[in-house]
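Descriptive structure summary
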Protein chains: 2
Amino acid sequence: MNLTEALRQLVGHEQVSVNPTMLEQHSRDESYHRPHTPDVVVFPRNAVEVSEVVKFANSHRIPVVPFGMGTSLEGHVIPYQGGITLDFQRMNQIVEIRPEDQLVRVQPGVTRSQLNKELKKYGLFFSVDPGADATLGGMAATNASGTTAVRYGVMRDQVRDLEVVLANGQVIRTGGLAVKSSAGYNLTGLFVGSEGTLGIFTELTLRVYGIPESILAARASFPSVESAVRTAVSLLAVGIPIARVELVDRVSMEKLNRHSGTHYEEAPTLFLEFHGNEAGLQQDVQFAKDLAADHGCSGFAFETDAKGRNTLWEARHNLAYAFVHGSKGKKIMVTDVCVPLSELAGAITYAREQIEAAGVEGGLLGHVGDGNFHALLLVDPTNRDDLDRAERVNANLVDYALRCGGTCTGEHGVGVGKLKYLRREHGEALDLMRQVKQLFDPHNILNPGKKLPID
Amino acid sequence: MNLTEALRQLVGHEQVSVNPTMLEQHSRDESYHRPHTPDVVVFPRNAVEVSEVVKFANSHRIPVVPFGMGTSLEGHVIPYQGGITLDFQRMNQIVEIRPEDQLVRVQPGVTRSQLNKELKKYGLFFSVDPGADATLGGMAATNASGTTAVRYGVMRDQVRDLEVVLANGQVIRTGGLAVKSSAGYNLTGLFVGSEGTLGIFTELTLRVYGIPESILAARASFPSVESAVRTAVSLLAVGIPIARVELVDRVSMEKLNRHSGTHYEEAPTLFLEFHGNEAGLQQDVQFAKDLAADHGCSGFAFETDAKGRNTLWEARHNLAYAFVHGSKGKKIMVTDVCVPLSELAGAITYAREQIEAAGVEGGLLGHVGDGNFHALLLVDPTNRDDLDRAERVNANLVDYALRCGGTCTGEHGVGVGKLKYLRREHGEALDLMRQVKQLFDPHNILNPGKKLPID
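Residues numbered from 1 in each chain as written. Chains lettered and ligands numbered in written order. Predicted model: local features only at pLDDT ≥ 70, side-chain atom pairs only at ≥ 80, totals over all residues. Heavy atoms only, no water.

Labelled according to an unreviewed UniProt entry, chain A appears under the name D-lactate dehydrogenase (cytochrome), originating from Brevibacillus thermoruber. Recorded under Sequence similarities (unreviewed entry), the UniProt text for chain A is reproduced unchanged: "Belongs to the FAD-binding oxidoreductase/transferase type 4 family." Word for word, the UniProt comment on chain A under Cofactor (unreviewed entry) is "FAD". (UniProt positions renumbered as here; feature names shortened; annotations may be inferred.)

With that settled, the discussion passes to the overall build of chain A. The number of helices and strands found in chain A is 17 helices and 18 strands. Taken against the 2.2 N^0.38 rule, which gives 23 Å for 455 residues, the C-alpha radius of gyration of chain A at 22 Å falls within 12% of a compact globule. Here chain A holds 455 residues, and 64% of them are scored as buried. Taking all contacts inside chain A whose residues are at least 6 apart in sequence as the whole, residues at least 24 apart take part in 71%. Surface summary for chain A: the accessible area is close to 15,900 Å², and the carbon and sulfur share equals 49%. Distance from the positive charge centre (45 side chains) to the negative charge centre (54 side chains) of chain A: 3 Å. (Helix = DSSP H or I, 4+ residues; strand = E, 2+ residues; numbered from the N terminus. Rg over C-alpha atoms; globule rule 2.2 N^0.38 Å. Buried < 20%, exposed > 50% of the residue type's maximum accessible area, 1.4 Å probe, protein only. Contact = heavy atoms within 4.5 Å. Areas by Shrake-Rupley, 256 points an atom, 1.4 Å probe, with all protein chains shown as cover. Lys, Arg positive; Asp, Glu negative; His and termini not counted. Charge placed at Lys NZ, Arg CZ, Asp CG, Glu CD.)

Tallying each qualifying case throughout the model produces 16 aromatic pairs over all chains. With centroids separated by 5.4 Å and ring planes inclined at 85°, the aromatic side chains of Phe-125 of chain A and Tyr-152 of chain A adopt a geometry described as edge-to-face. With Phe-125 of chain A in strand S7 (residues 124-125) and Tyr-152 of chain A in helix H6 (residues 149-152), the pair connects residues that are 27 residues apart, well separated along the chain. Side by side, Phe-125 of chain A and Tyr-152 of chain A carry an identical accessibility label, which is buried. A ring pair is formed by Phe-191 of chain B and Phe-440 of chain B, whose centres lie 5.6 Å apart and whose planes are at 70°; its orientation type is edge-to-face. Within this pair, whereas Phe-191 of chain B is found in helix H8 (residues 187-191), its partner Phe-440 of chain B is found in helix H17 (residues 429-440), the two being separated by 249 residues in sequence. A single burial state applies to Phe-191 of chain B and to Phe-440 of chain B, both of which are buried. (Phe/Tyr/Trp six-rings, centres within 6.5 Å; stacked < 30°, edge-to-face > 60°.)

Listed per partner, the contact involves 78 residues of chain B and 78 residues of chain A. When chain B packs against chain A, close to 6,000 Å² is buried across both sides, 56% of that on carbon and sulfur atoms. Contact with chain A buries surface across chain B, with Lys-180, Ser-182 and Tyr-185 of chain B losing the most and accounting together for 16% of the total. In this structure, Lys-180 of chain B engages Glu-411 of chain A in a salt bridge whose closest nitrogen and oxygen atoms are separated by 3.0 Å. Counting across the chain B and chain A interface gives 44 residue pairs in polar contact (both at pLDDT 80 or more). Mapped onto the side of chain B that touches chain A, the elements with two or more residues apiece are helix H7 (155-158), strand S9 (171-173), H8, helix H9 (225-237), helix H11 (278-294), helix H16 (422-426) and H17 of chain B. Looking at the side of chain B that touches chain A, the element that brings in the most residues is H17 of chain B, giving nine residues. The residue makeup of the side of chain B that touches chain A, split by class, is 31 nonpolar, 29 polar and 18 charged. (Buried area = accessible area lost by both parts, 1.4 Å probe. Salt bridge = Lys/Arg side-chain N within 4 Å of Asp/Glu carboxyl O. Polar contact = N/O pair within 3.5 Å; in protein donor to acceptor, adjacent residues only side chain to side chain. Nonpolar A, V, L, I, M, F, W, Y, C, P; charged D, E, K, R; others polar.)

Glancing now at the UniProt feature "domain: FAD-binding PCMH-type" (unreviewed entry) in chain A. As recorded in UniProt, the sites labelled "domain: FAD-binding PCMH-type" (unreviewed entry) are residues 34-211 of chain A. The annotated region residues 34-211 of chain A carries 24% helix and 24% strand content, and the separation between its end C-alpha atoms amounts to 41 Å.

We now examine the relation of the copies chain B and chain A. Between the two copies, chain B and chain A, the superposition gives an RMSD of 0.0 Å; the rotation angle is 180° and the shift along the axis is 0.0 Å. The superposition operator between the copies reduces to a two-fold rotation axis. Minimal C-alpha separation from the rotation axis in chain B is found for Gly-280 of chain B, amounting to 1.7 Å. Most of the interface of chain B is mirrored in chain A, where 100% of its interface residues again form contacts. (Least-squares fit on C-alpha atoms with pLDDT ≥ 70 in both.)

On to H17 of chain B, then. Residue and element names in this part refer to chain B. Look at H17: 17 Å from first C-alpha to last across 12 residues, which is about the 16 Å you get at 1.5 Å a residue. Buried residues of H17: Ala-429, Leu-430, Leu-432, Met-433, Val-436, Lys-437 and Phe-440, and no others. What you see down the axis of H17 is that its buried residues fit within an arc of 160°, all on one side. (Expected span 1.5 Å × (residues − 1). Arc of directions from axis to C-beta.)

The next subject is the pairing of strand S10 (residues 200-207) of chain A. All names here are of chain A. Most of S10 sits out of view: seven of its eight residues are buried. The sheet contact formed by strand S6 (residues 103-106) and S10 spans four bridges and is antiparallel. Bridge assignment links Val-106 to a residue of S10, and that residue is Leu-204. (Pairing = 2+ DSSP bridges.)

Right, let's talk about the nonpolar core for a bit. Formed by 197 residues in total, the largest nonpolar core has its most connected members in Phe-191 of chain A together with Phe-191 of chain B. In this view, Phe-191 of chain A contacts Leu-162, Val-164, Leu-166, Ile-172, Thr-174, Leu-198, Gly-199, Phe-201 and Phe-440 of chain A together with Leu-432 of chain B; residues no more than four positions away in its chain are not counted. (Core = buried A, V, L, I, M, F, W, Y, C linked by side-chain atoms within 4.5 Å.)

All right, on to the environment of Leu-162 of chain A then. All names here are of chain A. Looking at the secondary structure, you find Leu-162 in strand S8 (residues 159-165). Overall, the relative accessible area of 0% leaves Leu-162 in the buried class. C-alpha of Leu-162 to C-alpha of Arg-207: the two residues are 45 residues apart in sequence and 12 Å apart in space. Residue contacts for Leu-162: discarding those within four places in its chain leaves Ile-172, Arg-173, Thr-174, Gly-175, Thr-188, Phe-191, Val-192, Phe-201, Glu-203 and Leu-204.

Residues and elements named next belong to chain A. Secondary-structure assignment places Asp-161 in strand S8. Within polar-contact distance, the side chain of Asp-161 engages the side chain of Arg-173 at 3.0 Å. One polar contact links the side chain of Asp-161 to the main-chain amide nitrogen of Gly-175, over a distance of 2.7 Å. Setting aside anything within four residues of it in sequence, one finds Asp-161 in contact with Arg-173, Thr-174, Gly-175, Gly-176, Thr-188, Glu-203, Leu-204 and Thr-205.

Here we come to the side chain of Gln-158 of chain B. Residue and element names in this part refer to chain B. Relative to the elements of secondary structure, Gln-158 occurs in helix H7. Residue classification places Gln-158 among the buried positions, given a relative accessible area of 0%. Excluding residues that lie within four positions of it along the chain, Gln-158 makes contacts with Phe-126, Ser-127, Val-128, Tyr-152, Gly-153, Thr-205, Leu-206, Arg-207 and Tyr-209.

Structure below.
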């Protein structure tokens, strides 16, 4: 009996596909990484089916790769060893909303926009916003963050409980509904960010927040990237509770205007958002404006209504597409270093120099409140020289970040793209991580070849 | 060669003590749990010495128990199997303060008051405040929290990096200086809360915060515990960024006034603190006052100056001592359940009924913003009947908490006192936790008998 037939005995016939178009759709993510097709795609409907498939795969040593929306940026969902791709699009139910507990329970295939649409009815929102409309399962798997992490934290801070299918098919729960716990070991935090290599999520309980009384967005233009960054760092140092503070460099502002039809000033810019009560916001924003002026801000423009605010953040979110758009055949390589705040201005200046020295087309974007920034580098993935030059920029930025105590990936995860940096980042702790992988997945069937290097 | 002599070859002669008074001081914590002396106490000065001692202990299968200030409440530091107690009092250096990065690097023996005293010079503070002046190593080991968790999070949220000595003596670092990372597995979060059973901390990098522009404290008295709790939950639901919201019941207010010489109204009371900017605070506080009035608040009193505020929080922190004080021979058993916010009022009402039905002397205190509360129960540890009655209250509260998705311990940890509840709380995940312990500490020398039950 072949693999497809065997899987069709475990789940419904129409839940197993070997259609070439389907395999091809599951062979890639949004990055420059080389595609590879799975042998088969399975669409489970519940934890029991996931457990059955994983148990089968484990006993036959077949790789299993979980797949959400395919928006990963380091090849996480590409099944380089073939096997089974588990696509969670049929597990997309919002199971329960508990407004008083500020919690929701969702299946892993729910996307963040789907969740936010539903939460709005309760005056609530889910905070993590990586730009792409990823699934919540995928976001938990990579410990995603994005524009609001500076105020509300990263994905790991929101996950209260996980239902996880282990490599042997066992189904466990890792947490509970309490705000905090000092009971058993923190498995929840270990699974979050494990990129499908330790277990497969079949349900998530997430923290949500009340929509703030007042929201105010603003753009502030600066003479240089450094002055913009220094403004952001100073704002945080004095404890202004900024909800978003995003750097967009001049090159990226040009792309953004062209793609989104906006007419923002084409200078290094901070996109800001403040959440709070009316009176408090007035004081915070005035303070921010004064501080920006001290750093040479040439224009501070408010977006007071929801429409202007949405335009602003949509334009920001579409920036990656803005770069690729109109560059036929080009893909993006996105760097993702995160450095201590005191090192951020230096790191961003260095990044701009590196991009120019390498002769790569690219822009700089930053979640500067976290010390995390991206160089969006346009590459032709079929052109070795193109790839090499971009790869060199990437490597040099990682080198810079690791030298100052930072990380090679602030939010995208390791996938296959960052494997080569992990030994240097983690030192001997990497050996312990490998032992953890060996314990959780002794036959190495769970997203093999991702997250930890073989050396 | 005996144990003492062997250890004296690894560390300085005077760093190893078998003095009976010294052993006795390391035989107990602040709880009702039965004392037991270690065979020897070692005072390491650095990670190399810790590594040498642990390596020796591992090869000779000798238990090692780390010890900070001995303020644990579930017997964590009691060496029930004898062996070596590692007392960190000589590793009490603040290694580095990085104001711009809002980070500090400390040795595990630094206490939180010691750290805050130093941070004040930089306009910074360390947020976690469990009441006791515990060491930061101990607080990380139990994932401590306390009064400010509702705003700033628990200990795990503050630990950015750990230097850890593993059971085989290897020294690893688990994190870095970046605000966030999606690189290797989250070992930092796994070690935090592991109660010395997975590795021993020799250095911690912690997040600190700027002292807010304005701080305002208040007391609000209510006709019942329920109305106080409902006020707190409503305040959070509308997103008021409260920094502290503590419930003190009537019995505890009486003890508090008697012990601290205060003259607060002896009714169920919320102790509140607001952090923010001046304008924002005014609006928040007015809102809180109105909301409290809606719930029947009979008195809302501000503490606008630092002196009144300090008196308030000192009185709150000394409450455990207030109960023990003057009750000769009595010790405290402290329950520590944490429930979803929607279940908090019911759980606290149930707790009061249980205390009265059992005929135990006790008060109720709550970090109500987290759904976490304590019954402080006075027991004579030599009186079996006394212990049994208090133990029954404890068990019934845990039962209640677990039924509604809560936890047996919100912040004190498991130690030995909560072992019997873990199977029910974690289900099959407990087996995975045991495998993790087995992986990290194959000879079970690290704080053996704590954190996970044998079943």
